[in-house]
Amino acid sequence: MDVRVIHCLLLWAAHFFLAVPHTIPRVLSNTSKTGDEQDACINLIPCQDNGAICIQPCSPSFHGETSFVCEDRKWQMLSDACANLDVQSLFQRISQSELLSCSGGHGGAAGEHLPFVGGGKPGHGKPGDGAKHFGAGNHSCQADFSCIIPDILSSPAIPGNIADIVELLKKISLQLSENVTRGKMQSYSRIANHILNSSIISNWAFVKDRNAGSILLDSVNLFAGKLLLRNGSESIQEPFIATKGYSIHRNTSAKSFDFSMEFNSTVNITGQVVIPEDELLRLPRASKAISVALPTLGAILEPNQPDPAFVNGLVLSVSLPEELRSVVLTFGKLDRREQAGARCVGWHSLERRWDAGPCALRALSAAAVVCQCAPRRRAYRSFSILMAPGAPRSPLLALLTRLGLGLSILSLLLCLLIEALVWRHVTKTQITFMRHFCLVNIAASLLVADVLFILAAIVHDTALNYQLCVAATFFLHFFYLALFFWMFTLGLLILYGLLLIFFKITRSAFLAAAFSIGYGCPLVISVLTVAITEPKNGYLRSEACWLNWYETKALLAFVVPALSIIVMNLIVVVVVVVKTGRSSFGEGCKSQDLSSMIRVSKNVALLTPLLGLTWGFGLATIIDSRSLAFHVVFALLNAFQTREALRMNCFSSRRTWGLEKS
């Protein structure tokens, strides 16, 4: 049977189903209330129980209902389904035009025996009855759906109408996407543009179906993918949706789609899709490539994000032959502030969320981001960039970081130099050898980590070489972990000196245990982290050469060990305070008590930076990452941690195992 005849039969069947009235029972939960008149929820029914739902009918000229939820004893709008569009009749008008063209194209036999639906009721008629019913203007609908555009554009873009238009576009994409001509794509784009206007984006927050934005994106991709190309190319532009298509084959040079669109009255946004030449060589035959750009849809999809990131550029969709495995996309940034980093992501149409899996960052500047993404027909066809609200940037914070880092490196170099000069004199006993051995490794680990921190920043800001960034992040992760594990080793050594006075440990056993803890544990954690996350492009974060957080939580491989060691070392400090203060308080005169308090205070002041307890203040920056005050305090404490700790250790000889004793 001819494919066109099958298509027409399916259309007639769909119309028969749509014409049958359906009665759906409306069930309210026990906590719901129904308002008897307009504004009843706000004016008449008291809001007492948080979470209670109140449903009120729309005004007489609209159908549907508005839902309110009780929050803090006030009714807050939850969803608004009030609409004045009759989507079913609009769809019937354009689809019956398709049927008329089907009937006319196949002669009397096909047309005379197909059921015709008119006036919303099932029935039978002759070919031409439908055209007479809808009038002469219906002829244009056979080509481009233009007959329904005035009704749609004259309707207000309120949440209920938005939901109905999304449903209409979905039906068109599923049932009327055969032979998508330029005229049909123009009409489709004008309809979509009406609900994508930047001035009404806030209305999407009250659309009842929270997946309406994702449904719209899937519908647009499906319909645009069927676009027929005239003379090898096509370009259809509306203010808030643009579609371009090209014929491609293996002998053409790299093909690019360039977009420049208006985000609002003051901001323009750009984007580019490039199919590399080496990808085109994979094509066995001539084919077509379609791309769609949507500047405002990212704000609609944003609430589906589990993290605080938001879309910072165009949403670019691509429809490509299966043989093509990757494309290069360039996104102009909406927010071009210095801290506006970016992550390359693809929209997972099945799970309805942004996912960094199919994309990798290739270049980053203040104005644009270059991504390489792998379109997959069933899951990933739309891509964009996400910006995560990062730490605040200020001249003061930058100055403190640079100054503290410089002093830290100088102090560490000076400490290691002094240790080398006096090593034989300060390591004559077993306990002093172990103590200074830990100090040297703490200083060496932090020195290398500081240098790598600077190199990682240079690599990210200038070269942006992905392999170099991975290498810098690996070694930075390793040496920062080594710093914490050596501080943990020193904490264990202090407990050994305090609690196990009569237990002797040999130098070889100490070295084996210290190296296993200090470097062995960090090596295992660092290798496992990169091995697990890097194959999924989830090792690095986009805004710096450091461990990823939002997609793979790779940063936990540093945070969990570091915070665990801080807690353990805090216990060590408590034990030190108890052991050194317990024997003196209350046993002598007030001068002895004061001397004991001073001694305890000195021990706490020494051990707090030496055992890394100041890093615990980093929890405050995690809880409130946007607080400049927390970041300044954290920078001060940790930038000068090395100078203070090593001044009291490397430049002093009055220590036994890092504690002052009576």
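Let me sum up the structure you'll find in this document. Remember, predicted model here, so these are calculated numbers, not experimental data.

Focus: the packing of aromatic side chains
In step 1: A full pass over the atoms with the stated rule returns 18 aromatic pairs.
In step 2: Measuring from centroid to centroid gives 4.2 Å for Y188 and F223, while their planes differ by 10 degrees, and the two rings are stacked. On the criterion of sequence distance, the pair formed by Y188 in helix α8 (residues 182-196) and F223 in helix α9 (residues 212-224) is long-range, its members being 35 residues apart.
In step 3: Residue class for Y188 comes out buried when judged on its relative accessible area of 0%.
In step 4: These aromatic residues form a ring-pair network of at least three members: W423, F433, F437, F478, F479, W486, F510, F515 and Y519.
In step 5: Stacked on the ring of F91, the Lys or Arg K171 has its end atom at 5.8 Å from the ring centre.
In step 6: Taking the ring centre of F259 as reference, the NZ or CZ of K244 above it sits at 5.2 Å.

Quick word on helix α15 (residues 507-533)
Residues three or four positions apart in an α-helix share a direction because the helix packs 3.6 residues into each turn.
In step 1: Over its 27 residues, α15 runs 38 Å from end to end, which matches the ideal 39 Å to within 8%, given 1.5 Å per residue.
In step 2: The sharpest bend along α15 comes to roughly 35 degrees, located at G520, with the proline P522 sitting one to four residues further on.
In step 3: Listing the buried residues of α15 in full gives F510, A514, G518, P522, S526, T529 and T533.

Digging into the pattern of salt bridges
In step 1: Within this structure, the stated rule accounts for 7 salt bridges.
In step 2: Measuring nitrogen to oxygen at the nearest pair gives 3.3 Å for the salt bridge that ties E234 to R230.
In step 3: Its relative accessible area of 7% is what places E234 among the buried residues.
In step 4: Across the pair D355 and R353 runs a salt bridge, and its minimum N-O distance is 3.9 Å.

Some remarks on the sheet that holds strand β18 (residues 368-373)
In step 1: With antiparallel pairing, the 5 strands of this open sheet are ordered in space as β9-β10-β14-β18-β17. In the strand order of this sheet, the two ends are held by β9 (255-262) and β17 (359-364), each with one partner. For this sheet, the mean angle separating the axes of adjacent strands, direction not counted, is 20 degrees.

About the thresholds
- As a convention, each chain's residues are numbered from 1 in the sequence order in which they are written.
- pLDDT decides what is reported in this predicted model: residues at 70 or higher carry local features, side-chain atom pairs at 80 or more are listed and counted, and totals for whole chains, interfaces and linings draw on all residues regardless.
- Calculation of side-chain values draws on the structure's entire complement of heavy atoms; hydrogens and water are dropped beforehand.
- Any two rings among Phe, Tyr and Trp, with Trp reduced to its six-membered ring, count as a pair given centres within 6.5 Å; such a pair is stacked if its planes are under 30 degrees apart, edge-to-face if over 60, and tilted if neither.
- Note on conventions: DSSP H or I runs of at least 4 residues are helices, E runs of at least 2 residues are strands, and numbering of each starts at the N terminus.
- The buried label applies to any residue whose accessible area, calculated with a 1.4 Å probe on protein chains only, is under 20% of its type's maximum; exposed applies above 50%, and partly exposed to all values in between.
- Two limits define a charge over a ring: the Lys NZ or Arg CZ must be within 6 Å of the ring centre, and within 35 degrees of the ring normal.
- Each helix should span, by expectation, one fewer than its residue count multiplied by 1.5 Å.
- Fitting axes to the seven residues that end at a residue and to the seven that start at it, the angle between those axes gives the bend at that residue.
- We count a salt bridge whenever a side-chain nitrogen from Lys or Arg sits within 4 Å of a carboxyl oxygen from Asp or Glu.
- Here, a strand pair is defined by DSSP locating no fewer than two bridges between the strands.
- All axes here are fitted lines through C-alpha atoms, helices being fitted over the stretch that makes contact, and every angle between N-to-C directions spans 0 to 180 degrees.

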